[in-house]
Amino acid sequence: MDKTDPTGTTCTANVDKTQDCHVDSITNKDGTATQRKDFTDAQKSSVKKLDAAYTKAVNKLEKNADGVATVKGPDGKTTQVNAGKLAGQLEKQNFTVNPSATNYMNSGPGQTYVGAPGLQAPSGLYGIRGASPERLYEIAITHEGIHAAFPWADNMWSGVPTQQFYDDHQVPFNRAANELLQ
Amino acid sequence: MTSSARKTGACSLGSLICSLLWLATTHSASANSSTGAIDIVYENPERTFRNSITETTWTVGPIAATTPLPTQAASNPFTESIGHPVVNCSDSMYRCVQSWSRTIAIPRTGLKPGSKYEKDGVLFDVETCLRGDSERCQVALVSAKCESRTGDGMCSHSRRTRKGQPVRIEYVLYCLYNDDFGVTAMGIANRVASTIQAKRAVATQSVLVGERGLLGE
């Protein structure tokens, strides 16, 4: 089966309607990008765990498409996030690996950059206890999906210093992601 | 675009875009490790957290240690940067940028001591003039208050105030603005600070790194 992605969507639907999701490109040291269809065996191997976690997360969200979780913000503010919309966003989100980036993941509109640490499961996530590395990986990807699919959730912290927002949103985003992946 | 193009008015589509193009052509600046784009960058004084702003995206995230401590080297912590779209809300009266549901605007005619103005429901005050004369502030501490939001997310200022108590509002952004550099520092709170010192403390949460800041002329 040809699993390249000529349409630019990052997930492809299988016959059984499950999704097959993968990294779209890898940034090279000179700033150019290698597209998925041109990946070497070593590059394919380097993103194998990420592809697997990304695929599992999307399929779990699709299975729970009607599921809703509440992201709790400051001062009693809340935002509802929906698994189906989240899955749809992750399916079209472009994933690029940048091995020289030091952050785990960087998400913006339509685009997620994955740093070298993001090629492995995170060692832990705030607000999540007792989860397997595989589960933590899926939650991390879903957390990024919440930023991309529900950017207004971040705005609950508009009166909070940006660094405090960064720290304070981790637990509610992780817990909402965990809930939707059930 | 060249600096001469700026002088001839080719930058009229928006100061932010112009600043970025100017940065790209005349100055070395921080390069976004992911895209290679030139950013306007603000960092906290501790240099542990960064705001990177391009023509299209305002990204926030931590700055990792160059060398992790041996006790932390084995862990693989989850760290992220988060980007939101940048909207150029400039018009004939104001140079203006919106992102992260916040608005920053500076009058094209410059800042005056004690002046107040409004842009998209956000109330701006020149809190104190730090360099200037009775007609013009070259350097100023400016506040941008969004008192509450309507159902569509727009800021409005219908909220009642309680006398003698700092009232919690949607946000107040304090920034330091310098005619020669643009916004040189900025910060956020959800209550109006009561003293100039407290306002300056908020305004210096993030400080400009490099020569050119947001909304510079």
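Reference entry: report on the structure contained in this document. (Residues numbered from 1 in each chain as written. Chains lettered and ligands numbered in written order. Predicted model: local features only at pLDDT ≥ 70, side-chain atom pairs only at ≥ 80, totals over all residues. Heavy atoms only, no water.)

What follows deals with the packing of helix H3 (residues 83-92) of chain A against helix H4 (residues 133-149) of chain A. Residues and elements named next belong to chain A. Relative to each other, H3 and H4 sit at 95°, their axes nearing to 9 Å. Here H3 lies roughly perpendicular to H4, going by the angle between them. Facing H3, whose interface residues are Lys85, Leu86, Gln89 and Leu90, H4 presents Ile141, Thr142, Gly145, Ile146, Ala148 and Ala149. (Axes fitted to C-alpha atoms, helices over the stretch in contact; angles between N-to-C directions. Helix = DSSP H or I, 4+ residues; strand = E, 2+ residues; numbered from the N terminus. Parallel < 35°, antiparallel > 145°, perpendicular 65-115°, else oblique. Contact = heavy atoms within 4.5 Å.)

Before going further, it helps to spend a moment on the interface of chain B and chain A. Tallying the contact residues gives 33 residues for chain B and 38 residues for chain A. Counting each side, the surface lost to burial between chain B and chain A is near 2900 Å², with a carbon and sulfur contribution of 48%. The interface formed by chain B and chain A includes two salt bridges. Between A:Lys77 and B:Glu170 there is a salt bridge, and its shortest N-O distance comes to 3.3 Å. (Buried area = accessible area lost by both parts, 1.4 Å probe. Salt bridge = Lys/Arg side-chain N within 4 Å of Asp/Glu carboxyl O.)

Below, the discussion takes up H3(A). Where H3(A) is concerned, the buried positions are A:Ala83, A:Leu86, A:Ala87, A:Gln89, A:Leu90 and A:Glu91. N-cap assignment for H3(A): the residue whose side-chain oxygen lies 3.0 Å from the backbone N of A:Gly84 is A:Asn82. (Buried < 20%, exposed > 50% of the residue type's maximum accessible area, 1.4 Å probe, protein only. Polar contact = N/O pair within 3.5 Å; in protein donor to acceptor, adjacent residues only side chain to side chain.)

Here the focus is the state of the cysteines. Taken as a whole and judged by the stated rule, the model has four disulfides over all chains. Paired by a disulfide, A:Cys11 and A:Cys21 hold their sulfur atoms 2.1 Å apart. Taking the torsion about the S-S bond as the criterion, the A:Cys11 to A:Cys21 disulfide, at about 110°, is right-handed. Of this pair, A:Cys11 sits in strand S1 (residues 11-13) while A:Cys21 sits in strand S2 (residues 19-21), placing them ten residues apart in sequence. Among the residues examined, A:Cys21 registers a relative accessible area of 1% and is labelled buried. Each sulfur in the disulfide pair B:Cys146 and B:Cys155 lies 2.1 Å from the other. Torsion about the S-S bond of the B:Cys146 and B:Cys155 cystine: about -100°, corresponding to left-handed handedness. Taken individually, B:Cys146 and B:Cys155 each receive the classification buried, so the pair is uniform in this respect. (Disulfide = S-S within 2.5 Å.)

If you look at the biggest cluster of nonpolar residues, it comprises 84 residues, and the most contacted ones within it are A:Leu50, A:Ile141, B:Trp58, B:Ile104, B:Leu111, B:Met186 and B:Leu214. No other element matches the seven residues that H4(A) contributes to this core. Once you skip the residues sitting within four places of it in the chain, B:Ile104 turns out to touch B:Trp58, B:Arg95, B:Cys96, B:Val97, B:Phe124, B:Leu173, B:Val183, B:Met186, B:Leu214 and B:Leu215. Residues B:Tyr174, B:Leu176, B:Ala189 and B:Ala203 belong to the second largest nonpolar core, which totals ten residues. (Core = buried A, V, L, I, M, F, W, Y, C linked by side-chain atoms within 4.5 Å.)

Two modes of strand pairing occur in sheets, parallel and antiparallel, and in both the strands are linked by backbone hydrogen bonds. Residue and element names in this part refer to chain B. An order of S5-S6-S7 is seen for the three strands of this open sheet, with the pairing classed as antiparallel. Edge positions in the sheet fall to strand S5 (87-88) and strand S7 (102-107), since each of these pairs with one other strand and no more. In this structure, S5 lies alongside strand S6 (residues 94-99), joined through two bridges in antiparallel fashion. Following the sheet pairing, Asn88 is matched in S6 by Val97. (Pairing = 2+ DSSP bridges.)

Purely geometric numbers; function is a separate question.
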